There are 2 protein chains.
Amino acid sequence: METETLIFREEDLNQIESRRKTNLINSLSGFKSANLIGTRNLENQYNLAIFSSVIHIGANPPLMGFIQRPDSVERHTFENILATNEFTINAVSTNFIEKAHQTAARYSRSESEFEMVGLTPTLLDHFSAPFVKEAQLQIGLQLAEIVPITSNNTILVIGKIISIKFPKKALNSDGSISHTFIQSASITGLDTYHQAEKIAQFSYAKPHQKLSKL
Amino acid sequence: METETLIFREEDLNQIESRRKTNLINSLSGFKSANLIGTRNLENQYNLAIFSSVIHIGANPPLMGFIQRPDSVERHTFENILATNEFTINAVSTNFIEKAHQTAARYSRSESEFEMVGLTPTLLDHFSAPFVKEAQLQIGLQLAEIVPITSNNTILVIGKIISIKFPKKALNSDGSISHTFIQSASITGLDTYHQAEKIAQFSYAKPHQKLSKL
């Protein structure tokens, strides 16, 4: 028996109730990494916000980015980055997903999400943006580029990686970091959290040659 | 006993052997969704390539994007999109990760990855770019915007979603698609594949109010 399928075409998408449409479109990109972005404002207040849009931009130079929405609560994050040129990306482990999710609440400027949700700010070297002590992978970045996306007035914010801190035991033999070791969470849609297990690591793909498992 | 931690600073990153550095930086962004992007060229040949950089751009209008590297094999993908304005994004399920990974091999222009790796092209309506029949989530997109990233000469390619096809049973009650139901794979770094299980879905976060589990 053929599995029953649903097809939504452009005209159908316009008919879906707004909240359901947002949930549908947000779920299309699959598993997304869960990260907390830490910033400081010029009054030395710390801000912390969860993002599911952090992406790898390139290794040489080492760059990461995230999508900033124009109308979101995380706007504080962007304003602080513009003011200080610094931000941190902190991997959310499955043991603090609830605290991480709570940072999405619209706290006032005078309330620090660290205190409100019960996470601990920590510093490194002369870098002034706060890291999340509970995060096993803590990345320090300097603002490198602001890329406007005109289709929907969002912004791709790109940072250059200037520090990386993680448990020694999480280092794989090939130089990468094991996200199963540090139990990183992933997100689908807006609110659903997952844990993952490794199923395979493949060799570099070459034409007309069978892959081997590493 | 304190867990032993590693810290890499900017100057340390420059000392790491090139391949290890690429693996390290590629692993920082955590779990990434595994997708196959399908395109057609003006000679009606099909191209298929795996990407771990697909991201949600926005729901209104419905937009998704991916990062195109200047020097990669997936360049065919970008050339075809420029020529035809159309592409498809197909979620990779765990049961065909090996075939999906093999699309990264540098096949010649005359070889279609579909045939080379053993996946099946399928069409929908008047859309000319091929979908992957084996993929349980198939998304059709029209080129919406090409966003140059000057820091490293990459490109953010953005498409407007014009069709979405998936099994009816994968539709959650809130309108989103269940990636655990369709067994979508996620990738860390360049070559490591994972399966995920749901651990929690939280209510919309509000200040000074405890989250509930949905």
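The structure reproduced in this document is the subject of the present report. As the structure is a computational prediction, the values presented were derived from the model and not from experiment.

Rules behind the numbers
Residues numbered from 1 in each chain as written. Chains lettered and ligands numbered in written order. Predicted model: local features only at pLDDT ≥ 70, side-chain atom pairs only at ≥ 80, totals over all residues. Heavy atoms only, no water. Buried < 20%, exposed > 50% of the residue type's maximum accessible area, 1.4 Å probe, protein only. Helix = DSSP H or I, 4+ residues; strand = E, 2+ residues; numbered from the N terminus. Contact = heavy atoms within 4.5 Å. Salt bridge = Lys/Arg side-chain N within 4 Å of Asp/Glu carboxyl O. Buried area = accessible area lost by both parts, 1.4 Å probe. Polar contact = N/O pair within 3.5 Å; in protein donor to acceptor, adjacent residues only side chain to side chain. Least-squares fit on C-alpha atoms with pLDDT ≥ 70 in both. Pairing = 2+ DSSP bridges.

## Observations concerning helix α3 (residues 75-84) of chain B
All names here are of chain B. Inspection of α3 places His-76, Thr-77, Phe-78, Asn-80, Ile-81 and Thr-84 among the buried residues, and these make up the whole buried set. Packing partners of the buried residues in α3 comprise β3 (35-40), β4 (46-51), β6 (63-68), β7 (86-91), β10 (138-149) and β11 (154-167). In the stretch just after α3, Asn-85 is the one whose phi turns positive, near 65°.

## Some words on the pattern of salt bridges
Taken as a whole and judged by the stated rule, the model has 10 salt bridges over all chains. Between Lys168(B) and Glu4(A) there is a salt bridge, with its nearest N and O atoms 3.6 Å apart. Of this pair, Lys168(B) sits in the loop between β11 and β12 (186-188) while Glu4(A) sits in the segment before β1 (5-9), which puts the two residues in different chains. In this structure Lys168(B) comes out as partly exposed when scored by relative accessible area, which is 42%. We classify Glu4(A) as exposed; its relative accessible area is 52%. Between Lys210(A) and Glu98(B) there is a salt bridge, with its nearest N and O atoms 3.4 Å apart. Taken together, the residues Lys210(A) in the segment after β13 (192-201) and Glu98(B) in helix α4 (residues 97-102) connect one chain to another.

## Details of the interface of chain B and chain A
On the side of chain A, 108 residues touch chain B, which itself brings 108 residues to the contact. Taken together, the two surfaces of chain B and chain A that pack against each other cover about 9,600 Å², and 60% of this comes from carbon and sulfur. On the chain B side of the interface with chain A, the three residues burying the most area are Leu28(B), Phe31(B) and His56(B), jointly 8% of the side's total. The interface formed by chain B and chain A holds 8 salt bridges in total. Counting every contact that joins chain B to chain A gives 57 residue pairs in polar contact (both at pLDDT 80 or more).

## Brief notes about the relation of the copies chain B and chain A
To go from the first copy of the chain to the second, apply a rotation about an axis and then a shift along the same axis. It takes a turn of 180° to lay chain B on chain A, together with a shift of 0.0 Å along the axis; the resulting RMSD is 0.0 Å. Both copies of the chain, as the preceding transformation shows, are related through a two-fold rotation axis. Distance from the rotation axis, computed per C-alpha, reaches its smallest value in chain B at Ala196(B): 2.0 Å.

## Quick notes on the sheet that holds strand β2 (residues 32-33) of chain A
Taken together, the 6 strands give an open sheet; going across it, the order is β2(A)-β12(A)-β13(A)-β13(B)-β12(B)-β2(B), and neighbouring strands pair in antiparallel fashion. At either end of the open sheet lies a strand with only one pairing partner, and these are β2 of chain A together with β2 (32-33) of chain B. Pairing geometry for β2(A) and strand β12 (residues 186-188) of chain A, over 2 bridges, is antiparallel. Bridge pairing links Lys32(A) to Ile187(A) in β12(A).

## Details of helix α2 (residues 18-27) of chain A
Summarising burial for α2(A): 7 of the 10 residues are buried, a large majority. The complete set of buried residues in α2(A) reads Lys21(A), Thr22(A), Asn23(A), Leu24(A), Ile25(A), Asn26(A) and Ser27(A). Taken together, the buried residues of α2(A) touch β1, α1 (10-13) and β2 of chain A together with β5 (55-58) and β11 of chain B. Capping the start of α2(A), Glu17(A) holds a side-chain oxygen 3.0 Å from the backbone nitrogen of Arg19(A), two or three residues further along.

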